[in-house]
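A structural walkthrough
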Amino acid sequence: MKIYLEKLMAQKNLTVEEMKQAVLHCFSPEANDAEIAAFLTALQIKGETADELTGLVEVIRSKSAFNASPLPNIMDNCGTGGDQSNSFNISTTAAFVIAGAGIPVAKHGNRSISSRAGSADVLEHLGVSLSFSREHMEETLSSNNISFLFAPHVHQGLKPFTKVRKNLGLPTIFNAIGPLTNPFDLDTQLIGVYRYDLLPLMAEALRKLKRKRAIVLHGAGGLDEASLSGENHLILLDQGRLTPFTLHPEEVGLPVYTNEQIRGGNAKENAAITKSVLKGKPGPYLDTVLLNAGIGLFAGGTAESISSGVDMAKESIASGRAMEKLENLIQYSRKIPSEVI
């Protein structure tokens, strides 16, 4: 570890393999909290690279018992969080719309970190289990097009880092990598980032992780979701090519709303918003989900354009299929023994 720490402190980047070796040491019994804290701090001060993100993610995924699902054509639409917007649970709600439109979604998420209610808090309130086994997840994905992967449940080996991060109380590389660590083998992905400068970094990491197709976006007003308040910045990854572009909601037939109009609340309040959207209640919450689901359907390759993706999202909700995906997941969860994590 000393070699890697000295290299980082000299403002030199680690290769993917060097990063993997350093992270593996952090997981070993020989590692101590001071080493791990120094490692995370040195990375943060230097500034992480796509190679370093990739090395860390590959080790984390390899240590999950849920790694490498054999199911094909799975996507995720998890954001980094951290935008401090207190918006409702946009990507969680959009996941059911995407699933209702035909793409299997392995929704990776956690409890609240920077908002009042994280995806796990809202889904738990709705009655979705946070303790699915790998077999349960694969069954719900194949039969219902959606499952929820609760991050602490599918990454139970991260305790050495969790303790140090809590004691540090500072941003680290882990604030960016959450969406990349989905343990299932994803073909496609939609990731929202809370910082504009993370766009190319995350896009390059997705390319190194061999996603066939993906979109990374930074929303207007600093959201880690696509926003109706103005111009959104996106990068499309398609067969190894990265293409930056911008998107205004009016380009896909959606109205403009301020980000203040999509504020959420606690888990109970956000759960009610999710259900209202899936029932098709008009307003800024619905239109925000349509935009994000439309981008997700385009990222997943089902829609030929974001505009047609928005139309597919509307149909997913109007037909009742999006709500059906949620109801089916709740019914399935009632059969699973409950665990508190």
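Our structure's up above, just so we're on the same page.
Before going into details, it helps to say that this report is about the structure given with it. What you see is a predicted model, and the numbers here were worked out from it, not measured in a lab. (Residues numbered from 1 in each chain as written. Predicted model: local features only at pLDDT ≥ 70, side-chain atom pairs only at ≥ 80, totals over all residues. Heavy atoms only, no water.)

Before going further, it helps to spend a moment on the overall build of the protein chain. Of the regular secondary structure elements, the protein chain holds 15 helices and seven strands. The C-alpha radius of gyration of the protein chain comes to 19 Å, within 12% of the 20 Å expected for a compact globule of 341 residues. Projecting the C-alpha coordinates of the protein chain onto the three principal axes gives extents of approximately 60 × 45 × 35 Å. Look at the contacts in the protein chain between residues 6 or more apart in sequence, and 73% of them connect residues 24 or more apart. Accessible area for the protein chain stands at about 14000 Å²; split by element, carbon and sulfur atoms hold 51% of it. A gap of 3 Å separates the mean positions of the 33 positive and 36 negative side-chain charges of the protein chain. (Helix = DSSP H or I, 4+ residues; strand = E, 2+ residues; numbered from the N terminus. Rg over C-alpha atoms; globule rule 2.2 N^0.38 Å. Contact = heavy atoms within 4.5 Å. Areas by Shrake-Rupley, 256 points an atom, 1.4 Å probe, with all protein chains shown as cover. Lys, Arg positive; Asp, Glu negative; His and termini not counted. Charge placed at Lys NZ, Arg CZ, Asp CG, Glu CD.)

Right, let's talk about unusual backbone geometry for a bit. Located in the positive-phi region is Gln11, a residue other than glycine, with phi close to 65°. Tracing the backbone through its elements, the reader meets Gln11 in the loop between helix H1 (2-9) and helix H2 (16-27). In this structure, Asn73 takes a positive phi of about 60° despite not being glycine. In this structure, Asn73 sits in the loop between helix H4 (50-62) and strand E1 (75-76).

So, about the nonpolar core. Counting 70 residues, the largest nonpolar core has Val97, Phe184, Ile215, Leu291, Ile295 and Leu326 as the members making the most contacts within it. Among residues more than four places away in sequence, those in contact with Phe184 are Arg61, Phe66, Ala68, Ser69, Ile74, Ala106, Met137, Glu138, Leu141 and Leu149. Ranked by size, the runner-up nonpolar core spans 44 residues in total, among them Ile36, Phe39, Phe161 and Leu198. (Core = buried A, V, L, I, M, F, W, Y, C linked by side-chain atoms within 4.5 Å. Buried < 20%, exposed > 50% of the residue type's maximum accessible area, 1.4 Å probe, protein only.)

The next thing to look at is the side chain of Glu48. Structurally, the position occupied by Glu48 is in the loop between helix H3 (33-46) and H4. No salt bridge is formed by the buried Glu48, whose closest oppositely charged neighbour, Arg195, lies at an N-O distance of 5.5 Å. Separated by 3.4 Å, the side chain of Glu48 and the backbone nitrogen of Ile173 make a polar contact. Excluding anything up to four places from it in sequence, Glu48 contacts Leu43, Thr172, Ile173 and Leu201. (Salt bridge = Lys/Arg side-chain N within 4 Å of Asp/Glu carboxyl O. Polar contact = N/O pair within 3.5 Å; in protein donor to acceptor, adjacent residues only side chain to side chain.)

A word on the packing of aromatic side chains. A full pass over the atoms with the stated rule returns four aromatic pairs. Measuring from ring centre to ring centre gives 4.9 Å for Phe88 and Tyr285, while their planes differ by 80°; the resulting arrangement is edge-to-face. With Phe88 in the loop between E1 and helix H5 (90-100) and Tyr285 in helix H13 (residues 284-299), this pair connects stretches of sequence that are 197 residues apart. Exposure remark for Tyr285: the relative accessible area of 24% places this residue in the partly exposed category. Ring centres 5.7 Å apart and planes at 80° place the aromatic pair Phe132 and Tyr332 in the edge-to-face group. (Phe/Tyr/Trp six-rings, centres within 6.5 Å; stacked < 30°, edge-to-face > 60°.)

Further remarks concern the pattern of salt bridges. Following the criterion strictly, the structure yields 15 salt bridges and no others. Among the ionic contacts, a cluster of salt bridges with common partners joins Arg111, Asp121 and Glu124.

Attention now moves to the pairing of strand E2 (residues 105-109). Of all five residues making up E2, five are buried, and the element is well covered by its neighbours. Bridge count for E2 against strand E3 (residues 146-150) is five bridges, and the pairing is parallel. The partner of His108 across the bridge, within E3, is Leu149. (Pairing = 2+ DSSP bridges.)

Here the focus is the side chain of Gln189. Relative to the assigned elements, Gln189 resides in strand E4 (residues 188-192). With relative accessibility at 0%, the residue Gln189 sits in the buried group.

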